[in-house]
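Examination of the molecular architecture
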There are 2 protein chains.
Amino acid sequence: MSRNAIHAFSKRFLSTPTPTTTITVKSTPSKAHHHVELPSSSFPKGYLLTGVHCGIKKNTSVMDLGIIISTSEKPTSAAACFTRNAFKAAPVIVSDDILKQNVGRASAIVVNSGCANAVTGKQGMEDAWTMVRETDALLPARANQNNQTLVMSTGVIGQTLPISKIVAGIRSQSSTAGTRSLGSDFSAWERAAKAFMTTDTFPKLRSRVFTMKGKEFRIAGMDKGAGMIHPDMGPASTQLHATLLGCILTDAAVSPRSLQSALTYAVDRSFNSISVDGEMSTNDTIIALANGAAAVDAKEIDEQTDKEAYEVFKNELTEFAIDLAKLVVRDGEGATKFVTVTVKGANAYSDAHRVASRISTSALVKTALYGEDANWGRILSATGSVPLSPATVLDPTKVSVSFVPADGSSSLSVLVDGEPEKVDEDRAKEILSNEEFEVVVDLGTGGNETARYWTCDFSYEYVQINGDYRS
Amino acid sequence: MSRNAIHAFSKRFLSTPTPTTTITVKSTPSKAHHHVELPSSSFPKGYLLTGVHCGIKKNTSVMDLGIIISTSEKPTSAAACFTRNAFKAAPVIVSDDILKQNVGRASAIVVNSGCANAVTGKQGMEDAWTMVRETDALLPARANQNNQTLVMSTGVIGQTLPISKIVAGIRSQSSTAGTRSLGSDFSAWERAAKAFMTTDTFPKLRSRVFTMKGKEFRIAGMDKGAGMIHPDMGPASTQLHATLLGCILTDAAVSPRSLQSALTYAVDRSFNSISVDGEMSTNDTIIALANGAAAVDAKEIDEQTDKEAYEVFKNELTEFAIDLAKLVVRDGEGATKFVTVTVKGANAYSDAHRVASRISTSALVKTALYGEDANWGRILSATGSVPLSPATVLDPTKVSVSFVPADGSSSLSVLVDGEPEKVDEDRAKEILSNEEFEVVVDLGTGGNETARYWTCDFSYEYVQINGDYRS
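Residues numbered from 1 in each chain as written. Chains lettered and ligands numbered in written order. Predicted model: local features only at pLDDT ≥ 70, side-chain atom pairs only at ≥ 80, totals over all residues. Heavy atoms only, no water.

**Quick notes on the pattern of salt bridges**
Applying the stated criterion across every chain yields a total of 32 salt bridges over all chains. As a salt-bridge pair, Asp-96 of chain B and Lys-100 of chain B come within 3.3 Å of each other at their nearest N and O atoms. One end of the pair, Asp-96 of chain B, and the other, Lys-100 of chain B, are both in helix 2 (residues 90-101), four residues apart, so they sit about a helical turn from each other. Taken together, the shared-partner salt bridges in this structure form one network comprising Asp-200, Lys-204 and Asp-331 of chain A. (Salt bridge = Lys/Arg side-chain N within 4 Å of Asp/Glu carboxyl O. Helix = DSSP H or I, 4+ residues; strand = E, 2+ residues; numbered from the N terminus.)

Okay, structure coming up:
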């Protein structure tokens with residue numbers, strides 16, 4: 001229990017003599033090993049990054065401001081998916097506005113953690129535009145140097161940004177400043193990833209190299225999020241509070257229109273398929289930049305004119321987005337399990353996705369996962385509670401449920417064609433005591449659509465972290 | 001921590017040396033005072049009830065079988081709402097079938113706890129019909145004495161009923177049996193209410209007297225449920241796992257058709273407006289009986305022919321159903337708070353209801369309630385995440401949030417027309433430290449539709465109870 005939490009409990013108990021009890025719980029395992037050093041050669045060309053401490057957060061040793069700049073001489077394509085929450089935070093409105101004005105072009109990203117700039121009225125909008133303008137000034141001189149920066153904020157809502165500190169932080173990166181730390185090596189990418197963090201326990205950074213038309217390209221990105229995770233994001237939609245943020249950068253050349261359509265596809269199968277607590281945040285934003293810096297002569301890939309290359313890019317982007325999204329689930333607040341929920345045998349992808357989402361967000365399923373209990377009854381009950389399209393008709397005598405261990409050993413069927421199996425409880429315990437495993441639900445409708453969701457368990461620590469967030 | 005829970009944790013720690021930590025938590029307050037003795041004169045005439053221990057549960061001092069019989073000489077009207085879960089437990093299929101066969105007539109209810117008779121195949125169907133037949137045999141001789149009993153089961157799923165024990169239990173109530181305990185006084189009603197209990201910490205029984213057309217009528221009922229509570233029930237719908245059960249009995253005379261329509265209306269505003277954990281159970285069932293025993297000459301009330309009396313009855317039934325439903329929230333697994341969520345200013349009732357439901361099921365809102373934190377940001381975020389009908393357009397600058405104490409003292413505005421207020425944190429703590437208070441969200445769309453929801457908080461005990469249910 002953190003000192004803060006103890007303090008908060010003490011306060012409560014001093015004012016009201018609430019009877020208390022003591023419980024022993026599993027410690028949340030360390031997630032630090034998910035942060036690894038990546039080879040500099042795997043990072044896309046043509047980007048400069050940094051993360052600095054500008055003073056939004058009290059602790060001077062943590063980053064709270066991140067800057068990403070495309071130095072490519074070509075126009076950089078930009079796309080974004082925002083949450084569908086009805087409320088819009090200032091940075092979301094501003095980024096959406098810039099993307100529309102520029103018809104899918106932008107060259108920089110500025111992000112701050114510690115304050116979400118949400119429910120901050122006119123002042124919040126002014127502050128977001130100030131962040132854009134100040135970051136624009138860091139860009140190499142080009143024909144159009146205005147409104148080239150997309151902005152993201154995460155943290156506490158209802159408070160205005162300490163904008164003068166942020167401005168000073170951005171200006172420290174101008175090329176004449178002695179404190180400039182923008183770079184392109186691993187440590188620069190790592191600093192930027194750290195600037196995204198709020199309740200995250202490790203910076204979330206990944207990179208990969210892929211081949212398209214016989215040439216090598218690179219993709220890298222970072223994200224943040226540990227609670228309030230159950231995004232539902234679409235292009236050019238919007239909202240107001242802070243949690244899932246990410247950016248994906250590539251040195252491939254992709255047309256703005258195709259970058260948006262590939263990102264929308266990828267986000268549906270990655271960030272829109274994870275759940276920590278079933279909450280859709282008001283600031284959720286994923287941004288993609290494609291700067292074409294891999295080769296001087298590269299023509300922009302477009303879905304209409306080069307379908308084959310587009311498909312390669314879309315699939316690479318999707319796999320990469322899934323990698324990044326999984327890191328968020330692994331770092332889920334209080335999570336002790338990382339569980340893949342696979343729903344197959346549906347007649348429509350949306351039906352399979354809806355069932356997987358319902359299972360992944362069920363408090364009863366998630367507490368059973370924490371308790372390492374192969375409780376197929378709760379899984380079945382969650383499955384049956386989802387309204388499905390007329391295409392997928394559930395027949396209880398066709399539904400099967402099994403648990404699949406991550407180590408490749410044999411899976412355990414607990415329900416086959418609606419009939420409960422005589423479950424080997426020792427084997428069930430063996431599989432469920434692992435940090436990672438898969439739950440497979442076969443709807444048995446004869447269809448072959450499959451959806452995959454990633455979720456974590458609901459632990460005492462989740463209650464502790466969220467019952468005491470503001471303390 | 002219960003001995004069982006300690007045992008389960010020990011087992012886990014012996015097999016894997018998981019590091020543990022100790023946390024101090026509020027004890028869940030006792031709910032026993034919600035069970036009170038009611039005057040026998042407030043119970044409807046013409047019903048005999050009992051609850052017995054027949055041996056489904058191991059502990060011989062607890063009831064696990066309840067029987068309710070209408071002794072009225074008039075035909076008894078019956079109506080029911082079942083959950084909309086896609087899976088159907090045997091008792092749900094059978095009760096639905098009987099109601100259809102008899103066109104809304106039935107004279108008895110048999111209920112067991114300890115086993116849900118769900119996912120039990122053909123054997124489960126046979127067992128449910130056996131319970132019906134055996135209870136039919138207890139009824140006074142009438143023209144039609146077959147299939148007059150509705151059946152409900154709650155408890156563990158995937159196990160067949162110990163049907164011979166249940167049959168013996170029912171037969172012990174035949175008038176020739178020396179162990180007959182059917183009665184009509186408070187203790188008989190109390191025994192029946194106790195037979196419904198599973199994880200409930202107190203029997204849930206209420207009664208009231210009301211006046212219609214200058215005459216007195218009585219209504220009484222009981223329900224059970226503490227977890228897996230977030231029902232979505234409609235008439236003649238169905239499912240398969242066990243949790244929210246209730247029955248409402250009156251000595252008014254109401255036509256079958258009008259009893260069903262009044263019950264559907266009442267359930268929407270009561271049992272469909274409560275949430276403990278956002279789970280929709282597969283066995284949720286509410287049954288109403290109206291036996292007309294209050295007066296010999298009473299004609300059946302009907303919506304078409306006697307609108308005024310029908311409206312009186314419908315409103316009394318709704319208020320009564322709300323009283324019963326609230327008891328379930330008060331007994332929510334691990335709950336330390338009872339919170340009313342009122343959403344007003346919508347243009348459609350369904351929009352207000354959807355927002356109230358989302359706030360009431362949000363894990364972040366519920367952990368904040370546990371932490372006694374006036375976290376309007378989470379409330380706003382949940383509000384914004386709900387897809388609404390075109391009738392209700394959310395404008396962030398019109399939304400207001402306040403906390404209203406249950407003791408009649410002044411309320412606390414935390415957000416007014418989208419602007420965060422300077423919150424008096426001491427006053428906020430004062431209101432939220434109470435067991436009971438109200439959260440009011442005014443959507444400010446200019447509409448005047450209001451929905452009310454009742455919810456509880458998410459505590460450490462919730463995780464403990466549900467992470468360890470089968471142990």
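**Brief notes about the pairing of strand 3 (residues 65-70) of chain B**
Residue and element names in this part refer to chain B. Burial analysis of strand 3 places six of its six residues in the buried class, which makes it a mostly covered element. Side chains Leu-65, Ile-67 and Ile-69 project from strand 3 onto one buried face, and the interleaved Gly-66, Ile-68 and Ser-70 project onto a second face that is buried too. Looking at chain direction, strand 2 (residues 47-52) and strand 3 are connected through six bridges and run antiparallel. Bridge pairing in strand 3 links Leu-49 to Ile-68. Examined bridge by bridge, strand 3 and strand 5 (residues 108-115) share five bridges and lie antiparallel to one another. Among the inter-strand pairings, Ile-68 is bridged to a residue of strand 5, identified as Ile-109. (Buried < 20%, exposed > 50% of the residue type's maximum accessible area, 1.4 Å probe, protein only. Pairing = 2+ DSSP bridges.)

**A short note on unusual backbone geometry**
Within the chain, Asn-117 of chain A stands out as a residue other than glycine whose phi angle is a positive 50 degrees. Secondary-structure assignment places Asn-117 of chain A in the loop between strand 5 (108-115) and helix 3 (121-136). What makes Asn-117 of chain A buried here is its relative accessible area of 0%. Phi at Asn-147 of chain B takes a positive value of approximately 50 degrees, unusual for a residue other than glycine. For Asn-147 of chain B, the position within the fold is in the loop between helix 3 (121-136) and strand 6 (149-156). A relative accessible area of 22% places Asn-147 of chain B in the partly exposed class.

**Describing the UniProt feature "binding site: substrate" (unreviewed entry) in chain A**
Residues and elements named next belong to chain A. Following the UniProt record, the feature "binding site: substrate" (unreviewed entry) maps to Thr-198, Lys-224, Thr-243, Glu-333, Asn-466 and Ser-471 here. Counting through the fold element by element, Thr-198 comes out in the loop between helix 5 (186-195) and strand 7 (204-212). Contacts of Thr-198, omitting those with residues within four sequence positions, involve Lys-57, Ser-113, Gly-114, Thr-154, Gly-155 and Lys-224. (UniProt positions renumbered as here; feature names shortened; annotations may be inferred. Contact = heavy atoms within 4.5 Å.)

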